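Geometric and topological summary
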Amino acid sequence: MDEMVLAALAKWPNVPAVFGWLRLDARGQWWIKDARLQHEGMVDFFNRNYSRDGQGRCYVQNGPQKVYVQLDAAPLVARRTPKGWSTVPYDDDAPARAAWLTPDGMLLLEIGGELAAVDDRDLAAVLEEALPDWDGDAAVLPEALALGGARLPLAGETLAALHARYGIVARPR
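Residues numbered from 1 in each chain as written. Predicted model: local features only at pLDDT ≥ 70, side-chain atom pairs only at ≥ 80, totals over all residues. Heavy atoms only, no water.

With that settled, consider the side chain of glutamine 61. Relative to the helices and strands, glutamine 61 resides in strand β5 (residues 58-62). In this structure glutamine 61 comes out as buried when scored by relative accessible area, which is 3%. Looking at glutamine 61, its side chain comes within polar contact range of the main-chain oxygen of glycine 63, at 3.1 Å. Those residues in contact with glutamine 61, other than ones at most four positions away along the chain, are Met1, Val5, Leu9, Phe45, Asn49 and Lys66. (Helix = DSSP H or I, 4+ residues; strand = E, 2+ residues; numbered from the N terminus. Buried < 20%, exposed > 50% of the residue type's maximum accessible area, 1.4 Å probe, protein only. Polar contact = N/O pair within 3.5 Å; in protein donor to acceptor, adjacent residues only side chain to side chain. Contact = heavy atoms within 4.5 Å.)

Written out as structure tokens, the structure reads:
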């Protein structure tokens, strides 16, 4: 967390939280109300000061105020890199451990103990590499994804069930 944020927290410890105006979409992009945040400095600030509380609610610590985040998919978004996976907002390279495919075609991974949605712009290439012989029939899902020499267990699951498994509150109030 930024030093200026920590200083503001110490100075004003009881500022009420904000709900309902900040959203993280399934591509890792920030939205304020209905407008995508495009200011690079603010995006970087949000990414650096993003966290999850003990109740499973994601938030950005904006000075002394917690701004709770609505999630379109998961707390993180995974993008392919030459080394493996990079996660947004954190931008960490970490190995994936497991994979799930939702009934509506969203691929999610466990990365660093957290749930991450695979950016849909990477999905076709990931599935082509990982499941080259799969015909797309969700009723006959392969047991594993083969990515970059690693085999990740693969299962079908709903997004709501994955949120429950990982203790995620997608719409904090």
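Domain boundaries assigned for the chain yield domain 1 (3-71) and domain 2 (76-166). Using only C-alpha atoms to locate each centre, domain 1 and domain 2 end up separated by 26 Å. On the side of domain 2, 10 residues touch domain 1, which itself brings 11 residues to the contact. Summed over both sides, the interface between domain 1 and domain 2 buries roughly 950 Å², with carbon and sulfur atoms accounting for 47% of that surface. When the buried surface of domain 1 facing domain 2 is broken down by residue, Arg27, Tyr50 and Arg52 rank first, second and third, together holding 53% of it. When the shortest N-O distance is used, the salt bridge between aspartate 120 and arginine 27 registers 2.7 Å. Partitioning the side of domain 1 that touches domain 2 into residue classes produces four nonpolar, four polar and three charged. (Domains from an automatic or database assignment. Buried area = accessible area lost by both parts, 1.4 Å probe. Salt bridge = Lys/Arg side-chain N within 4 Å of Asp/Glu carboxyl O. Nonpolar A, V, L, I, M, F, W, Y, C, P; charged D, E, K, R; others polar.)

Moving on, we come to the sheet that holds strand β9 (residues 96-101). Spatially, the seven strands line up as an open sheet ordered β8-β7-β11-β10-β9-β13-β12, and their pairing is mixed. Looking at which strands have only one partner, the edges of the open sheet turn out to be β8 (84-88) and β12 (144-147). Recorded for the sheet is a direction-independent mean angle of 35° between the axes of neighbouring strands. Pairing between strand β7 (residues 76-81) and β8: five bridges, direction antiparallel. Within β8, the position partnered with valine 77 by the bridge is valine 88. Running at roughly 155° to strand β11 (residues 114-118), helix α4 (residues 159-166) makes contact with β9, β10 (107-111) and β11 of the sheet. (Pairing = 2+ DSSP bridges. Axes fitted to C-alpha atoms, helices over the stretch in contact; angles between N-to-C directions.)

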